[in-house]
Amino acid sequence: MRTSHVVADVPPPRPDAPSGTGAHAAPATPGVRTRSQHQRRRRIVQAAAALASRGGVEAMQMRTVAERAGVALGTLYRYFPSKMDLVVAVVGEEIDLLESSIERRPPNAAHPAGRAADVLMRATRGLMREPELADALIRSLIIAEVEAPFGDRMASLVLRVATGGRTADLPPDDQLALTGSLVGVWVQELLEMLRGRRTYEQIQHRIELAAERLLAGF
């Protein structure tokens, strides 16, 4: 999966812009333009998430997202060329929220496995507040035809929190591979929960068990 390609949203010339010799529109301040683009992109992503939380990915019709976000359809496509690019962006927003939560309140478990499990269960609680959104995002990413950083970002986050910045005996690539495997277990367990086949307590037990086994060498 790949990250979304966000294209700069350059507005067309205003119809009332002065023309002729010696009459030129004042250039936009770069900082203001960048901030405006960021706010517009965030508004689009939030609109898409709100629609998905009520009707799944099927409700994330590009025209509907554009209308809800208050942008032109062409503007939406410049930021997000496809619906899957938009799904990827919504997932990224969820991970951003998780990272902010962890920065404010880091896990305090004594061992790496406990800290890793804490991150994943905190993510579970966050996603389960909007189960339709969680189901839509997870399923879409599994069958996605675009590249998204979901697995890599989650694995890197889990690894960073689990090790607490300390050096482990394992090579870095092996550490990332093991935390990636743990994230894979979590995704599958989350799907089982969304299907009604797992309770929160069962997922927590399985994640803690998997973390203890996979991160034993950390």
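Residues numbered from 1 in each chain as written. Predicted model: local features only at pLDDT ≥ 70, side-chain atom pairs only at ≥ 80, totals over all residues. Heavy atoms only, no water.

1. Digging into the pattern of salt bridges
- Counted by the stated rule, this structure contains 10 salt bridges.
- With a shortest N-O distance of 3.6 Å, Arg 197 and Glu 192 are connected by a salt bridge.
- For Arg 197, a relative accessible area of 54% translates into the label exposed.
- Among the ionic pairs, Glu 212 bridges to Arg 213, the shortest N-O distance being 3.9 Å. (Salt bridge = Lys/Arg side-chain N within 4 Å of Asp/Glu carboxyl O. Buried < 20%, exposed > 50% of the residue type's maximum accessible area, 1.4 Å probe, protein only.)

2. What about the nonpolar core?
- Within the largest apolar cluster, 60 residues are counted, with the highest numbers of intra-cluster contacts made by Ile 44, Val 65, Met 154 and Trp 186.
- For Trp 186, the residues in contact, after removing those within four places along its chain, are Leu 120, Ala 123, Thr 124, Leu 127, Phe 150, Met 154 and Ile 207. (Core = buried A, V, L, I, M, F, W, Y, C linked by side-chain atoms within 4.5 Å. Contact = heavy atoms within 4.5 Å.)

3. Details of the packing of helix α8 (residues 172-194) against helix α9 (residues 200-214)
- Relative orientation of the contacting elements α8 and α9 amounts to 165°, with a least axis distance of 10 Å. As the angle between them shows, α8 and α9 are arranged roughly antiparallel. For the crossing formed where α8 meets α9, the hand is right-handed. Of the residues in α9, those in contact with Leu 178, Ser 181, Leu 182, Val 185, Trp 186, Glu 189, Leu 190 and Met 193 of α8 are Tyr 200, Ile 203, Arg 206, Ile 207, Ala 210, Ala 211 and Leu 214.
- Of the residues contributing to the contact of α8 with α9, the split by class is 12 nonpolar, one polar and two charged. (Axes fitted to C-alpha atoms, helices over the stretch in contact; angles between N-to-C directions. Helix = DSSP H or I, 4+ residues; strand = E, 2+ residues; numbered from the N terminus. Parallel < 35°, antiparallel > 145°, perpendicular 65-115°, else oblique. Left-handed = near helix turned anticlockwise from the far one by under 90°. Nonpolar A, V, L, I, M, F, W, Y, C, P; charged D, E, K, R; others polar.)

4. Comments concerning the layout of surface pockets
- The space that makes up the largest pocket amounts to roughly 540 Å³.
- Along its surface, the largest pocket is lined by 27 residues, and Glu 94, Leu 97, Leu 98, Gly 126 and Leu 127 are the ones closest to its centre.
- When residues of the lining of the largest pocket are traced back to their parent elements, those giving at least two are α1 (30-55), α4 (83-104), α5 (112-128), α6 (131-142) and α7 (150-163).
- Broken down by element, the lining of the largest pocket gets its largest block of residues, seven residues, from α4.
- Here the lining of the largest pocket is built from residues that sort into 16 nonpolar, three polar and eight charged. (1 Å grid on protein atoms, 1.4 Å probe; cavity = no way out; pocket = protein on both sides within 12 Å on 5 of 7 lines; lining within 4 Å. Points joined across faces, edges and corners; volume = space filled by probe spheres on them.)

5. Section: the packing of aromatic side chains
- One pass over the structure, following the stated rule, counts one aromatic pair.
- Note on Tyr 79 and Phe 80: the rings are 6.4 Å apart at their centroids and 35° apart in plane angle, and the pair reads as tilted.
- Judged by relative accessible area, Tyr 79 falls into the buried class, the value being 1%. (Phe/Tyr/Trp six-rings, centres within 6.5 Å; stacked < 30°, edge-to-face > 60°.)

6. Overview of the environment of Ala 136
- Here Ala 136 lies in helix α6.
- Counting along the chain gives 79 residues from Ala 136 to Val 57, while the straight-line C-alpha distance between them is 5.4 Å.
- Other than its neighbours up to four places away in sequence, Ala 136 contacts Gly 56 and Val 57.

7. So, a positive patch on the surface
- Taken together, Arg 104, Arg 105, Arg 125 and Arg 129 make up a surface patch of like positive charges.
- Structurally, Arg 104 can be placed in helix α4.
- Arg 104 gets classed as exposed once you look at its relative accessible area, which sits at 66%. (Patch = residues over 30% accessible without salt bridge, like charges linked within 9 Å, V, L, I, M, F, W, Y side chains within 5 Å. Areas by Shrake-Rupley, 256 points an atom, 1.4 Å probe, with all protein chains shown as cover. Lys, Arg positive; Asp, Glu negative; His and termini not counted. Charge placed at Lys NZ, Arg CZ, Asp CG, Glu CD.)

8. Considerations on the environment of Ile 142
- Along the polypeptide, Ile 142 turns up in helix α6.
- On the basis of relative accessibility, which here comes to 47%, the residue Ile 142 falls in the partly exposed class.

9. Observations regarding the side chain of Arg 122
- Residue placement: Arg 122 occurs in helix α5.
- Once residues lying within four places of it in the same chain are set aside, the contact partners of Arg 122 are Leu 98, Ser 101, Ile 102, Arg 105, Pro 106 and Pro 107.

10. Description of the environment of Val 119
- By secondary structure assignment, the location of Val 119 is in helix α5.
- The exposure class of Val 119 is buried, given its relative accessible area of 0%.
- Ignoring sequence-local partners within four residues, the contact set of Val 119 consists of Leu 98, Ile 102, Pro 107, Leu 157, Val 158 and Val 161.

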